[in-house]
Amino acid sequence: SIRLLETFLLRPDLALLVRHLEIDLRWRYPGLFPPSQVPPDLHPDGLEALFLAKNIQSLSLSGVADWIWEPEMANFREAIFKMKLVRLHVPLIRDPHTEYICTWPGDSVIEDDWDGDLGDEIRKLLQAQPLLEEFKFSDVASITYKTSASLRDKLKHSDIPSLKSLQANPELALAFLPVADRLESLDLTIADWGDRLFSDIETKSAAIGLSILRFSIRVWYSSDDHPWFWENLAKVLSLFPNMEQLSVTVNSLTSEKAVEPAQYYFDMIAENAYVLPSLRNAEVRFETLYPDTPRIFEVQTQSVLKFRTACPLLETVIDPMKRLWTFRTDQKNPRGFTPQLFGQLIEERPGPVNDLQDPQGGDL
């Protein structure tokens, strides 16, 4: 919170203890949020406080990432650039060159006249962080072709010498795959797959394909509009044949009618996992507008068995019901093993919190 940053000013010794910091930039757009969620008295970007937190290694920024390019946020960028980050999470990127105009409360008119290169600004951010091992772009749907093309043309290995983990849209990942020679973990966000995208990913990842050990992907449900991925699932998985961890999230949130249940997709993934002989951990997630539909998340034990049969080294499976399965040796079973339900996983999602109350009546 802003109050926490102000605490740094009072106790610089505490600022030096901070290793991970999350900053919610939504306060820059007060019209989007209830007044109770917006601090009434904002410290100017908390810049002086941020400069005191010299030992931050992990930074997560939520909200809208116009700070990367807006001239008025130059001092904020300077504070970020001076950090020595190992992990950086950047949220929604608002590309000023998009052809679709969306006005946010509190917007300035600067972006209408800004003729810079957002790809260059992203490179500057990366170049300032030579120790960066993990880089996450949660949502890059608004990134224009101009920006992604700029990154593909200009990004170099020297810009990301330590990068081991990347989360990005496939089109943006194309800029990183040829030059991130230490990459071990790849998380691709949702996209429309087809022959061209597959060919591009195959070509750009050729040098590091065998080095990817952890692969996550979020994809559309199977339909007439999105048939390619599910018809070519084995081809996609075989891009990274040495992977040890696989996570697939199926998104059916855009469908106004019920789609095939989770069992359908779980079986397809299990049937195509034979191309992953080194797989040890697998997870299948299912997103739907109809979570109360009977048995929509349910997966049969036989399907878990099918997964283990396809991948002889498989140790754990997390099914769409968030149940953890393991496998125990069973000499009585012809296969030599039996699936065993270990238990239900619980995922906590911390909600927004308010500033603590000062014992004397004010906010801390």
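Residues numbered from 1 in each chain as written. Predicted model: local features only at pLDDT ≥ 70, side-chain atom pairs only at ≥ 80, totals over all residues. Heavy atoms only, no water.

## A few points about the sheet that holds strand 1 (residues 20-24)
(1) Moving on: The strand order 1-2-3-4-5-6-7-8-9-10-11-12 describes an open sheet built from 12 strands, whose pairing is mixed. Single-partner strands in this sheet number two, and they are strand 1 and strand 12 (337-344). With strand direction ignored, the average angle separating the axes of adjacent strands in the sheet is 10 degrees.
(2) Moving on: Bridge count for strand 9 (residues 281-287) against strand 10 (residues 316-318) is 3 bridges, and the pairing is parallel. Bridging across to strand 10, asparagine 281 finds its partner in threonine 316.
(3) Moving on: Together, strand 8 (245-251), strand 9 and strand 10 form the strand contacts of helix 12 (residues 262-272), whose direction differs from that of strand 9 by roughly 150 degrees. (Pairing = 2+ DSSP bridges. Helix = DSSP H or I, 4+ residues; strand = E, 2+ residues; numbered from the N terminus. Axes fitted to C-alpha atoms, helices over the stretch in contact; angles between N-to-C directions. Contact = heavy atoms within 4.5 Å.)

## Structural notes on the pairing of strand 9
(1) Moving on: Both strand 8 and strand 9 contribute to a ladder of 7 bridges, which runs parallel. Bridge pairing links threonine 249 to arginine 285 in strand 9.

## Section: the packing of helix 6 (residues 118-127) against helix 7 (residues 145-154)
For any two helices packed against each other, the geometry comes down to the angle between their axes and how far apart the axes lie.
(1) Moving on: Packing of helix 6 against helix 7 brings their axes to within 7 Å, and their N-to-C directions diverge by 50 degrees. Taken together, the axes of helix 6 and helix 7 lie oblique to each other. Note on packing geometry: the crossing formed by helix 6 with helix 7 is right-handed. Across the interface between the two elements, Leu118, Gly119, Asp120, Ile122 and Arg123 of helix 6 pack against Thr147, Ser150, Leu151 and Lys154 of helix 7. (Parallel < 35°, antiparallel > 145°, perpendicular 65-115°, else oblique. Left-handed = near helix turned anticlockwise from the far one by under 90°.)

## Some thoughts on the environment of asparagine 169
(1) Moving on: By secondary structure assignment, the location of asparagine 169 is in the loop between strand 5 (165-168) and helix 8 (170-176).
(2) Moving on: The class of asparagine 169 is buried, set by a relative accessible area of 13%.
(3) Moving on: Looking at asparagine 169, its side chain comes within polar contact range of the main-chain nitrogen of glutamate 171, at 2.8 Å.
(4) Moving on: Reaching out from asparagine 169, the side chain makes a polar contact with the backbone oxygen of isoleucine 190 at a distance of 3.4 Å. (Buried < 20%, exposed > 50% of the residue type's maximum accessible area, 1.4 Å probe, protein only. Polar contact = N/O pair within 3.5 Å; in protein donor to acceptor, adjacent residues only side chain to side chain.)

## Concerning the nonpolar core
(1) Moving on: Of all hydrophobic cores here, the largest spans 101 residues; its most connected members are Trp67, Phe76, Phe135, Phe176, Trp193 and Phe307.
(2) Moving on: Among the elements that make up this core, the one with the highest residue count is helix 12 (6 residues). (Core = buried A, V, L, I, M, F, W, Y, C linked by side-chain atoms within 4.5 Å.)

## Digging into the pattern of salt bridges
(1) Moving on: Applying the stated criterion to the full structure yields 14 salt bridges.
(2) Moving on: Aspartate 117 is the salt-bridge partner of lysine 154, the closest N and O atoms lying 3.2 Å from each other. One end of the pair, lysine 154, is in helix 7; the other, aspartate 117, is in the loop between helix 5 (110-113) and helix 6, with 37 residues separating them in the sequence.
(3) Moving on: On the basis of relative accessible area, aspartate 117 is assigned to the buried category, the value being 19%.
(4) Moving on: Owing to a relative accessible area of 31%, lysine 154 belongs among the partly exposed residues under this scheme. (Salt bridge = Lys/Arg side-chain N within 4 Å of Asp/Glu carboxyl O.)

## Some details on the packing of aromatic side chains
(1) Moving on: Applying the stated rule across the entire model yields 14 aromatic pairs.
(2) Moving on: Taken together through their ring pairs, the aromatic side chains of Trp193, Phe198, Trp228, Phe229, Trp230, Tyr264, Tyr265, Phe286 and Phe297 make up a single cluster.
(3) Moving on: Positioned over the ring face of phenylalanine 198 is lysine 235, at 4.6 Å from the centre of the ring.
(4) Moving on: Sitting over the ring of phenylalanine 327, arginine 308 keeps its end group 5.7 Å from the ring centre. (Phe/Tyr/Trp six-rings, centres within 6.5 Å; stacked < 30°, edge-to-face > 60°. Lys NZ or Arg CZ within 6 Å of the ring centre and 35° of its normal.)

## Describing the pairing of strand 6 (residues 185-188)
(1) Moving on: Here strand 5 pairs with strand 6 via 4 bridges, running parallel. Following the sheet pairing, serine 165 is matched in strand 6 by serine 185.
(2) Moving on: The handedness of the strand 5 to strand 6 crossover, carried by helix 8, is right-handed.
(3) Moving on: Two strands pair when backbone bridges link them, and strand 6 and strand 7 (residues 214-220) are joined in this way by 4 bridges, in the parallel orientation. Within the sheet, the bridge partner assigned to leucine 188 lies in strand 7 and is isoleucine 217.
(4) Moving on: In the classification by handedness, the crossover that spans strand 6, the intervening helix 9 (residues 195-204) and the parallel strand 7 is right-handed. (Right-handed = clockwise from strand over helix to strand, strands pointing away.)

## Thoughts on unusual backbone geometry
If a residue is not glycine, its phi is most likely negative; likewise, a peptide bond is most likely trans.
(1) Moving on: Even without a glycine there, the phi angle at arginine 295 is positive, about 60 degrees.
(2) Moving on: Within the element layout of this structure, arginine 295 appears in the loop between strand 9 and helix 13 (301-310).
(3) Moving on: Relative accessible area serves as the criterion here: at 62%, arginine 295 is assigned to the exposed category.

## What about the side chain of serine 185?
(1) Moving on: Here serine 185 lies in strand 6.
(2) Moving on: What makes serine 185 buried here is its relative accessible area of 14%.
(3) Moving on: Apart from the residues within four sequence positions on either side, serine 185 is in contact with Lys164, Ser165, Leu166, Ile212 and Arg214.

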